[in-house]
Amino acid sequence: MSLALAIVGTVFLAGGVFFCVVGGIGLLRLPDFYSRCHAAGMTDSAGAMGILVGLCFFAEPLVIVKLLTVVGFIWLSSVVSTHALVKAAYARGIKLENPRVRDWTVRPAKTAAAEAAGDVPKAAKVPSLDLAAMADSDADAGSTSGGEQGLAQSHGAESESESESESESESESESESESESESESESESESDDSEESRT
Amino acid sequence: MTLATHWHYWVVIALMMTGLHIVIARRNYVKKLMGLSIFQVSVIMLYVTMGKVAGGTAPVYVMEGEGHDAVPNLDVVYSNPVPHVLMLTAIVVGIATMALGLALVVRIKESYGTVEDDVVIEKDRAEEESLES
Amino acid sequence: MTELPLEAVLFVFLLVVGIVVGRLRNLFGAAMLTGIFSFLSAGLFTLLTAVDVAFTEAAVGAGISTVLFLATLALTDDTERESERSWLAIGVVSLTGLALFFGTFDMPAFGDPDAPIHHGVGRHYLMHSWDEIGLPNVVTSVLASYRGYDTFGELAVVFTAGIGVLLLLRSKAAVMGAKAKPIPVRSRAPYVREMPIVRAVAKVMLPFILLFALYVQAHGDFGPGGGFQAGVVFAAAFILYGLVWGPRAVQGIAPERMLEGGMAFGVLLYGGVGVAALFAGGTFLDYSAFTPEHPSHGQHWGIFLVELGVGITVSAVMVVIYFVFTARPRPRLPKRKKGALAPPRLTAVPELPVETPKEGSS
């Protein structure tokens, strides 16, 4: 009986170690940030789970409970942190490496612009998506608006609801006057604030 | 021979020197503080390696007996608790003083616009000269 | 001997991480690596049987200090300038290293039970603390009772550092304090608001973290744990709350007044227990004086209260430090260029960065 338990436990341990090693290799070899996140996340979830569950077969009852609790918390926390990390990276504008993989979350620019402006001017033909520049301007705006925190707080609550819906579509592209972009960035200062502290 | 018995100290010294090098060679204040924290951890590690007894277990008594009659087994080899106590408090004090250092860095950034050592010194010097002239 | 390969691997990792921290110019990466460095060293402390130290290091080094570094980087620059190689620094470091290296030859072998360090008070604590204090965790006995003065001093240092950070970073326009406006419910950080998974999981985990902190606080007498660790874990729960719902949300449940009071109250509680021992007829921090007929009961009570004081001060200081760092307005940089792209916002999937024609391109 104990031999059988030991064998099962060893199988779990070996599986866990396998996933850890594969995760490590993947972290080094995979091409871009997102697939690397997948590898790292696998180390956390599958690898750690395998090892901890494997250890259960060699442990006393109380320790088993503790180990399973640890598994539960790792599954909660590490998975979610990977999720948050990837989303933050995406918001920051880190690109997918593989050109054959289409980024389905970015709408084709033609339709987006058409929806936003109603009709597309011929001259404004679709520039390639310059995510790096967007990330730069993100940092810029964050620092500009940082000073007006107190101000933003006072009217942030009201103006947020509009800016929430607007800022995604046209107001961003058509912010021609300085004042408009200023007020926009003010209302966003809170979001930037917490965004920074998260990253 | 000494390698087998002393290598812990040597690795700890290497770690310590890594931290020290960051502190004195890097110009960036935040980087300096990171070096300081590496240095601090290696000093803590030096103390803890000294407190270790071969074959010893953690200095929490292995109890024998049940409930109120339990008595510690004093024949078990325990590690020395004194360095542990000293280092435990040192870690928390370390983070508190680290926060103080980081607060200073933030203030320096606000008044000088930079956190690079040499730029700060340059600006100081320029100001002094302008005061003298 | 089974630890040997593990120790060797961890030490190699530590060395590599330490060197990379020195060479990395991206300070965000370096900050994460210092967290990893702390976590690896916590593993090593466990192997070296210093479980209490490992616990503290894991909570402080990997948790709080990383958050502090990141908060600082948000207020300063996130990349380091290129600095020239300084041969003087390398010379100084290698000389110091060599001197220390030769110094080790006079040290006792690693793990030698007859080393001088094991002859002094350490042996006494191990042999007699059960009769004198009556706690299974010798580290707690030494920390709170035998070396209570030390710990009191350390706590005072933590308190002072907290005050120092407050003085340095609390600006007049700070969001905190009596003048702070009540938090509008809708002003939670939109960034996290659009991450329902993170919010839900944080909500699930928070009570467990708080419960664990209380457990660590109370269980420090019997296993690894105690006021320092519990304080840090408790603060970590608040910091998590702040990261997910924004710092202002935390001020709703833990106003700054209360935290400042907590900082002082913990130290006062510690000192007060000592003074109470004086009134009970003993010396300062001599808990046995509380119950002369049964000294170890008095010790238990004294240690419990003192650890409580430590926990309160440490957690309050950590939360306050986190607050002042995040509440600090960021330094102004040149304004956004006219007509430049607004920052991309994170939203539900279909609305993500829609490309917009730039002014220059038309």
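The model shown is predicted, which means the values in this text are computed figures rather than measured ones.

Q: An account of the overall build of chain A is requested, with residue identities and associated values reported.
A: Along chain A, the regular secondary structure elements total 9 helices and 0 strands. In chain A, the succession of α and β elements from N to C terminus is α-α-α-α-α-α-α-α-α. Counting every position in chain A, which comprises 199 residues, the buried fraction comes to 24%. Restricting the contact set of chain A to residue pairs at least 6 apart, pairs at least 24 apart contribute 69%.

Q: Which residues make up the overall build of chain B, and what values go with them?
A: What chain B contains, in helices and strands, is 4 helices and 2 strands. For chain B, the α and β elements follow one another from N to C terminus as α-α-β-β-α-α. For chain B, whose C-alpha radius of gyration is 23 Å, the value lies well above the compact-globule estimate of 14 Å for 133 residues. Dimensions along the principal axes, computed over C-alpha positions, put chain B at roughly 80 × 45 × 20 Å. Residue burial in chain B is summarised as follows: out of 133 residues, 54% are buried. Across chain B, contacts joining residues at least 24 apart in sequence account for 49% of those joining residues at least 6 apart.

Q: Could you give me a rundown of the packing of helix α3 (residues 81–112) of chain B against helix α6 (residues 138–146) of chain C, with the residues and numbers involved?
A: Remark: α3 of chain B packs on α6 of chain C, axes separated minimally by 9 Å, with the N-to-C direction vectors making an angle of 60°. With respect to each other, α3 of chain B and α6 of chain C are oriented oblique. Regarding α3 of chain B and α6 of chain C, the two cross each other, and that crossing is right-handed. Two secondary-structure elements touch here, α3 of chain B through Pro-81, Val-82, His-84, Val-85 and Leu-88 of chain B and α6 of chain C through Val-138, Val-139, Val-142 and Leu-143 of chain C. Its residues assigned to classes, the contact of α3 of chain B with α6 of chain C comprises 8 nonpolar, 1 polar and no charged.

Q: Describe the interface of chain B and chain C, with residues and values.
A: Often, the extent of an interface is quoted as the loss of accessible area upon association of its parts. The interface is formed by 75 residues belonging to chain B together with 84 residues belonging to chain C. When contributions to the side of chain B that touches chain C are tallied by element, the ones reaching two or more residues are α1 (2–25), α2 (29–51) and α3 of chain B. It is α3 of chain B that provides the largest number of residues to the side of chain B that touches chain C, a total of 24 residues. Residue composition of the side of chain B that touches chain C, by class: 48 nonpolar, 19 polar and 8 charged.

Q: Now, about helix α2 (residues 33–56) of chain A: what can you tell me, with residues and values included?
A: All names here are of chain A. With 24 residues, α2 should reach 34 Å at 1.5 Å per residue; the first-to-last C-alpha distance of 34 Å fits that figure. Along α2, the helix axis deviates most sharply at Met-42, where the bend reaches about 30°. Listed as buried for α2 are Gly-41, Gly-47, Ala-48, Gly-50, Leu-52, Gly-54 and Cys-56. Its buried side turned inward, α2 meets α1 (2–29) and α3 (61–92).

Q: Tell me about the confidence of the model for chain A, residues and numbers included.
A: Of the residues in chain A, 48% have a pLDDT of 70 or more, and the chain-wide mean is 65. The low-confidence segment residues 120–199 of chain A, where pLDDT is below 50, has 135 contacts with residues more than four positions distant or belonging to other chains.

Q: Requested: an account of the environment of Ile-94 of chain A, with residues and values cited.
A: Relative to the assigned elements, Ile-94 of chain A resides in the loop between α3 and α4 (109–117). C-alpha of Ile-94 of chain A to C-alpha of Phe-33 of chain A: the two residues are 61 residues apart in sequence and 7.6 Å apart in space.

What counts and how
- Residues numbered from 1 in each chain as written.
- Chains lettered and ligands numbered in written order.
- Predicted model: local features only at pLDDT ≥ 70, side-chain atom pairs only at ≥ 80, totals over all residues.
- Helix = DSSP H or I, 4+ residues; strand = E, 2+ residues; numbered from the N terminus.
- Buried ≥ 20, exposed ≤ 12 C-beta atoms within 10 Å, placed from the backbone.
- Contact = placed C-beta atoms within 7 Å.
- Rg over C-alpha atoms; globule rule 2.2 N^0.38 Å.
- Axes fitted to C-alpha atoms, helices over the stretch in contact; angles between N-to-C directions.
- Parallel < 35°, antiparallel > 145°, perpendicular 65-115°, else oblique.
- Left-handed = near helix turned anticlockwise from the far one by under 90°.
- Nonpolar A, V, L, I, M, F, W, Y, C, P; charged D, E, K, R; others polar.
- Expected span 1.5 Å × (residues − 1).
- Bend = angle between axes of the 7 residues up to and from the residue.
- pLDDT = per-residue confidence, 0-100.

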